[in-house]
Each structure stands twice: as C-alpha cells, then as structure tokens.
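# Structural overview
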Amino acid sequence: QQLEVEGRAGISEIHIHGGRARFVAGPCRNKVCIHSGWLSQGGDAAACVPNGVSIRLTGSRSEFDGLAH
C-alpha cells in the first residue's frame, strides 16, 4: 500500500508491505526519514520532522523488553 500524507512542507510518501513501513519520498532536504529504512518491529518509529509526519509501528513484536532513561 502506498500512502501520500500531506504535511506542513508538502507530501510524504509512505510504503506499507508485509507488516513493515517506510518513507519513500518526502519534501525535506536531508531525507533522514527515507534513510531510516524499513520499520518492522513494534515500537519502531521514523519521522520527517520538517514536514511534521511520523510513522510508529504498534504491536506485540518488539526488539526490546524495556527502556531506561
């Protein structure tokens, strides 16, 4: 599935396939969101900060069982 999400700087394109998601295009300059690659585990996240668009996977499959700050 291809999604086009309108953000504050333009369109972010997101590809969803086989329980995974990734940014494939965005209006930002450095393309950090695209370089994040495929998100596949519960809790994985990526964002196009200049565009105000983010992806976060939910679900029980997580690589971590806890985080500390």
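Residues numbered from 1 in each chain as written. Predicted model: local features only at pLDDT ≥ 70, side-chain atom pairs only at ≥ 80, totals over all residues. Heavy atoms only, no water.

For the rest of this paragraph, the subject is the overall build of the chain. When helices and strands are counted, the chain shows one helix and five strands. Along the chain, helices and strands appear, N-terminal first, in the series β-β-β-α-β-β. Residues counted as buried form 28% of the 69 residues belonging to the chain. Here the analysis covers contacts within the chain between residues at least 6 apart in sequence; of these, 24% occur between residues at least 24 apart. If you sum the accessible surface of the chain, you get close to 4,900 Å²; carbon and sulfur atoms cover 49% of it. (Helix = DSSP H or I, 4+ residues; strand = E, 2+ residues; numbered from the N terminus. Buried < 20%, exposed > 50% of the residue type's maximum accessible area, 1.4 Å probe, protein only. Contact = heavy atoms within 4.5 Å. Areas by Shrake-Rupley, 256 points an atom, 1.4 Å probe, with all protein chains shown as cover.)

The next subject is the pairing of strand S5 (residues 53–56). Of the two faces of S5, only one is covered, namely that formed by Val 53 and Ile 55; the face formed by Ser 54 and Arg 56 stays uncovered. When strand S4 (residues 45–48) meets S5, the two strands line up antiparallel, connected through four bridges. If you follow Ala 46 over to S5, its bridge partner there is Ile 55. (Pairing = 2+ DSSP bridges.)

The subject of this paragraph is the nonpolar core. With twelve residues, the main nonpolar core is built from Ile 14, Ala 21, Phe 23, Cys 28, Cys 33, Ile 34, Leu 39, Ala 46, Cys 48, Val 53, Ile 55 and Leu 57. When contributions to this core are tallied by element, the ones reaching two or more residues are strand S3 (20–25), helix H1 (32–35), S4 and S5. Residues within four places of Ile 34 in sequence aside, it is in contact with Arg 22, Phe 23, Val 24, Ala 25 and Gly 26. (Core = buried A, V, L, I, M, F, W, Y, C linked by side-chain atoms within 4.5 Å.)

This next bit is on unusual backbone geometry. Phi angles above zero are rare outside glycine, and Lys 31 is one such case at about 60°. Tracing the backbone shows Lys 31 in the loop between S3 and H1.

When strand S1 (residues 2–6) meets strand S2 (residues 11–17), the two strands line up antiparallel, connected through five bridges. Bridge pairing in S2 places Leu 3 opposite Ile 14. Hairpin connection, S1 to S2: the antiparallel pair is bridged by four residues, and Gly 10 has positive phi, about 145°. Relative to S3, S2 runs antiparallel, the two being bridged by five bridges. Bridging across to S3, His 17 finds its partner in Arg 20. Counting the residues that bridge the hairpin from S2 to S3 gives two residues, and of these Gly 18 lies at a positive phi of roughly 60°.

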